[in-house]
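Listed below, chain by chain, are the residues.
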Amino acid sequence: MKLKGKVHKFGKDIDTDAIIPARYLNTFDPQELARHCMEDADPEFPNKVQAGDIIVADKNFGCGSSREHAPIAIQGAQVACVIAKSFARIFYRNAINTGLPILECAAAVDAIETGDEVEVDLSNGTITNLRTGQMYQAAPFPDFMQGIMAQGGLMNYLKEKLSYQGN
Amino acid sequence: MGMTVSQKILAAHAGRDQVEAGELINCKLDVVLGNDITAPPAISEFKRLGLPRVFNKDRVVLVPDHFTPNKDIKAAEQAKILRDFAREYDINNYFEVGQMGIEHCLLPEQGLVLPGDLIIGADSHTCTYGALGAFATGVGSTDMAAGMATGEGWFKVPETIKFVYYGALPRWVSGKDLILHTIGDVGVDGARYMSMEFTGEAISALSMDGRFTMANMAIEAGGKNGIFEVDDKTIEYVQGRAKRPYRIFTSGPDATYAQIREYDVSKLEPVVAFPHLPENTKPVSEAADVSIDQVVIGSCTNGRMEDLQAAAGLLKGRKVHPELRVIIFPGTRQIYLDALRQGLIEIFVEAGAVVSTPTCGPCLGGHMGILAKGERALATTNRNFVGRMGHPESEVYLSSPAVAAASAIKGRITAPWEIK
Ligand code: SF4
């Protein structure tokens, strides 16, 4: 699957309180969360972001709390995928479990700037900066995780598995 | 290849003799936890599966602790989702306001988590239970839903970093200072995806409360879990609380470590983490003269008896500085009662502090002490991210209860030995 979108670039250690501040966690409605997505990192982000845009960030994206509201807010804002040098572990898990595409690629993060248009091929993990024509290769996901993502998240995967077992 | 204690617990729960770091495995879970923020999405996902019951109604724990007593209508609706679900699915370990405590103080206290357990919680500080020699890790709501349904979860077997602390702890240096110092050393992603194993003579000398504080903040170094050896103190703590058998695992003598880091604690002094990351640490003597508007003592990091005693020791017979507010929130109802019986609550109120019912409250900027723009707090909590306790332009500094109490008296960040 190919995605194409405009880049919003962020720094390192973007925590889940910056992605969706705790003061908005009295709901888990994606549209409502999207209105405050990335607000404490960039107050203008919820107004600027367009459907299909791509978040690019430095190391340790999504550190801090376990709130799944973080990937949900990003999906609610219709961000197509997140590319980072590395992801904090619970965010990584949550993204896979909820079906938010994420890619780890340090070289791409260094070269890509805010406003660049980028094409991502999720099937093989290639990232192309359409401004420069440069192509980068993200680390591939283990088969097991690809299986979950192909089903659109862990619950669909589980539903399939449970029905197969006759439960 | 030898396994570390974390790898052994995972292997045992996967029904395997041996696992290797990096392997993806499926494990049986002992306990699945959720709170009023993370459980509602998990419950809605769980219901999509259409199952008549959870995998084990004694092993699902629901604690409405974050925005309770309900801070607003939306929070009330979320808490009600937990309550209704607990009744409908006959969940025994649902803790209503009045019984409730901050989850990571409550579960160990109630004997719901035990040595050798594999625990997932839809809360990042689930790693706290590693103080008991359990493998406990934070996950998201979807993992919680899957865990409630199947009693199983997927894990990537982590590598382990061993942290060895030797020497005698100086007066005023607590578990909080050890863990802040460690995070300052390795950074907020220094242990990303890894197990943090805490050991050494200073750890043996540390109380259980101090160990809970340290395990609690493993996530602040990016760790998957933090874990301690089970010793006499652990057994003493667990005795009388455990209502089921438990197993003790230890790292093999030939266990493989990704890194071994050693610290001489005898040279340490209390540590303060500056905004906006827990890794921005300085010794308290270099933090002096930072003026503060609010002091918060409590949370799943430092809301236990020993923490309240340390604060009360300094506040007794003294007054909170007139230009600052002090909010104290004990971790559980039992801790609240013990503090009441020992006269600590009276000391706090006499000093001019506010004592709250157990709740996460200001720790995550929920309620009960939110900061205005430009305000500065010193807190015994675990995170000082931008906007964590209120306005995005407010600031949070992190410290031990002793430093927090000393600072409450002086109105600026103060070393405990300055209170004479
Ligand atoms: S006290 Fe703070 S860190 Fe602990 S569970 Fe509550 S919100 Fe999270």
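Residues numbered from 1 in each chain as written. Chains lettered and ligands numbered in written order. Predicted model: local features only at pLDDT ≥ 70, side-chain atom pairs only at ≥ 80, totals over all residues. Heavy atoms only, no water.

S.K.: For this particular structure, what's the right way to read the confidence of the model for chain B?
M.R.: Any residue range with low pLDDT should be treated as having predicted coordinates unsuitable for detailed reading. Scored by pLDDT, chain B comes out at a mean of 97, with 100% of its residues at no less than 70. The ipTM assigned to the predicted complex is 0.92, against a pTM of 0.96. (pLDDT = per-residue confidence, 0-100.)

S.K.: What's the story with the pattern of salt bridges in this structure? I'm lost.
M.R.: Where charged atoms from two side chains of opposite charge approach closely, those side chains can pair. Applying the stated criterion to the full structure yields 32 salt bridges over all chains. We note a salt bridge from Glu 39 of chain A to Arg 23 of chain A, for which the minimum N-O separation is 3.2 Å. Residue Glu 39 of chain A is located in the loop between helix H2 (30-34) and helix H3 (45-48), and its partner Arg 23 of chain A is located in the loop between helix H1 (16-19) and H2; the two are separated by 16 residues in the primary sequence. Residue classification places Glu 39 of chain A among the buried residues on the basis of a relative accessible area of 16%. In this structure, Asp 185 of chain B and Arg 261 of chain B form a salt bridge, with 3.0 Å as the shortest nitrogen-oxygen distance. Taken together, the positions of Asp 185 of chain B in helix H6 (residues 175-186) and Arg 261 of chain B in strand S11 (residues 259-264) put the pair 76 residues apart, joining distant regions of the chain. Given the relative accessible area of 25%, Arg 261 of chain B is considered partly exposed. Linked through salt bridges whose partners overlap, the residues forming this network are Lys 12, Asp 13 and Lys 59 of chain A together with Asp 189 of chain B. (Salt bridge = Lys/Arg side-chain N within 4 Å of Asp/Glu carboxyl O. Helix = DSSP H or I, 4+ residues; strand = E, 2+ residues; numbered from the N terminus. Buried < 20%, exposed > 50% of the residue type's maximum accessible area, 1.4 Å probe, protein only.)

S.K.: Even after reading the chapter, I still don't get the packing of aromatic side chains, so can you show me in this structure?
M.R.: Here a ring pair, both rings aromatic, is described through the centre-centre distance and the interplanar angle of the planes. Scanning all chains against the criterion turns up 17 aromatic pairs over all chains. Between the aromatic rings of Phe 87 of chain A and Phe 91 of chain A, the centroid separation amounts to 6.0 Å while the plane-to-plane angle is 5°, which identifies the pairing as stacked. By the burial criterion, Phe 87 of chain A is buried, and Phe 91 of chain A matches it. Considering the side-chain rings of Tyr 92 of chain A and Tyr 193 of chain B, the 5.9 Å spacing of their centres and the 85° angle between planes classify their relative orientation as edge-to-face. Linking Tyr 92 of chain A in helix H5 (residues 89-98) with Tyr 193 of chain B in the loop between H6 and strand S9 (195-199), this pair reaches from one chain into another. Here Tyr 193 of chain B falls in the partly exposed class, since its relative accessible area comes to 21%. Among the aromatic residues, those joined into a ring-pair cluster are Phe 163, Tyr 165, Phe 198, Phe 228 and Tyr 263 of chain B. Stacked on the ring of Trp 154 of chain B, the Lys or Arg Arg 93 of chain A has its end atom at 4.0 Å from the ring centre. Over the aromatic face of Phe 274 of chain B sits the side chain of Lys 282 of chain B, whose NZ or CZ is 4.4 Å from the ring centroid. (Phe/Tyr/Trp six-rings, centres within 6.5 Å; stacked < 30°, edge-to-face > 60°. Lys NZ or Arg CZ within 6 Å of the ring centre and 35° of its normal.)

S.K.: Explain empty space enclosed by the protein to me, please; I cannot follow it from the model alone.
M.R.: To find leftover empty space, a probe the size of one water molecule is rolled over the atoms. Throughout the structure, instances matching the rule amount to three cavities of 30 Å³ or more. Forming the walls of the largest cavity are 21 residues, and the residues nearest its centre are His 66, Asp 123, His 125, Leu 364 and Arg 388 of chain B. Looking at the lining of the largest cavity, the elements that each hand over two or more residues are helix H4 (103-109) and helix H10 (299-302) of chain B. Here the residues of the lining of the largest cavity are counted per class, giving seven nonpolar, nine polar and five charged. Looking at the second largest cavity, its volume works out to about 70 Å³. In terms of lining residues, the second largest cavity is bounded by 13 residues, among which Cys 63, Gly 64, Ala 88 and Arg 89 of chain A together with Ile 219 of chain B are the most central. Along the lines of polarity and charge, the residues of the lining of the second largest cavity split into five nonpolar, six polar and two charged. (1 Å grid on protein atoms, 1.4 Å probe; cavity = no way out; pocket = protein on both sides within 12 Å on 5 of 7 lines; lining within 4 Å. Points joined across faces, edges and corners; volume = space filled by probe spheres on them. Nonpolar A, V, L, I, M, F, W, Y, C, P; charged D, E, K, R; others polar.)

S.K.: I tried to follow the layout of surface pockets on my own but got confused; where do I start?
M.R.: Residue and element names in this part refer to chain A. Quantified by volume, the largest pocket comes out at close to 400 Å³. Lining the largest pocket are 17 residues, with Leu 122, Ser 123, Phe 141, Gln 146 and Met 149 positioned closest to its centre. Breaking the lining of the largest pocket down by element, the ones donating at least two residues are strand S4 (102-104) and helix H7 (143-150). Sort the elements by how many residues they give to the lining of the largest pocket and H7 lands first, with three residues. Here the residues of the lining of the largest pocket are counted per class, giving twelve nonpolar, five polar and no charged.

S.K.: How do you make sense of the interface of chain B and chain A when you look at a structure like this?
M.R.: It is common to give the size of an interface as the accessible area lost on bringing the parts into contact. The interface of chain B with chain A comprises 49 residues on the first partner and 41 residues on the second. Of the roughly 4000 Å² buried between chain B and chain A, counting both surfaces, carbon and sulfur atoms make up 59%. When residues of chain B are sorted by the area they lose upon contact with chain A, Thr 142, Trp 154 and Tyr 193 of chain B head the list and together hold 17% of the total. Our count for the contact surface shared by chain B and chain A stands at four salt bridges. Note that Asp 143 of chain B and Arg 93 of chain A form a salt bridge whose closest N and O atoms lie 2.7 Å from each other. Put simply, chain B and chain A have 22 residue pairs in polar contact (both at pLDDT 80 or more) between them. Those elements giving two or more residues to the side of chain B that touches chain A turn out to be helix H2 (39-48), helix H3 (73-88), strand S6 (135-138), helix H5 (141-150) and strand S7 (152-156) of chain B. (Contact = heavy atoms within 4.5 Å. Buried area = accessible area lost by both parts, 1.4 Å probe. Polar contact = N/O pair within 3.5 Å; in protein donor to acceptor, adjacent residues only side chain to side chain.)

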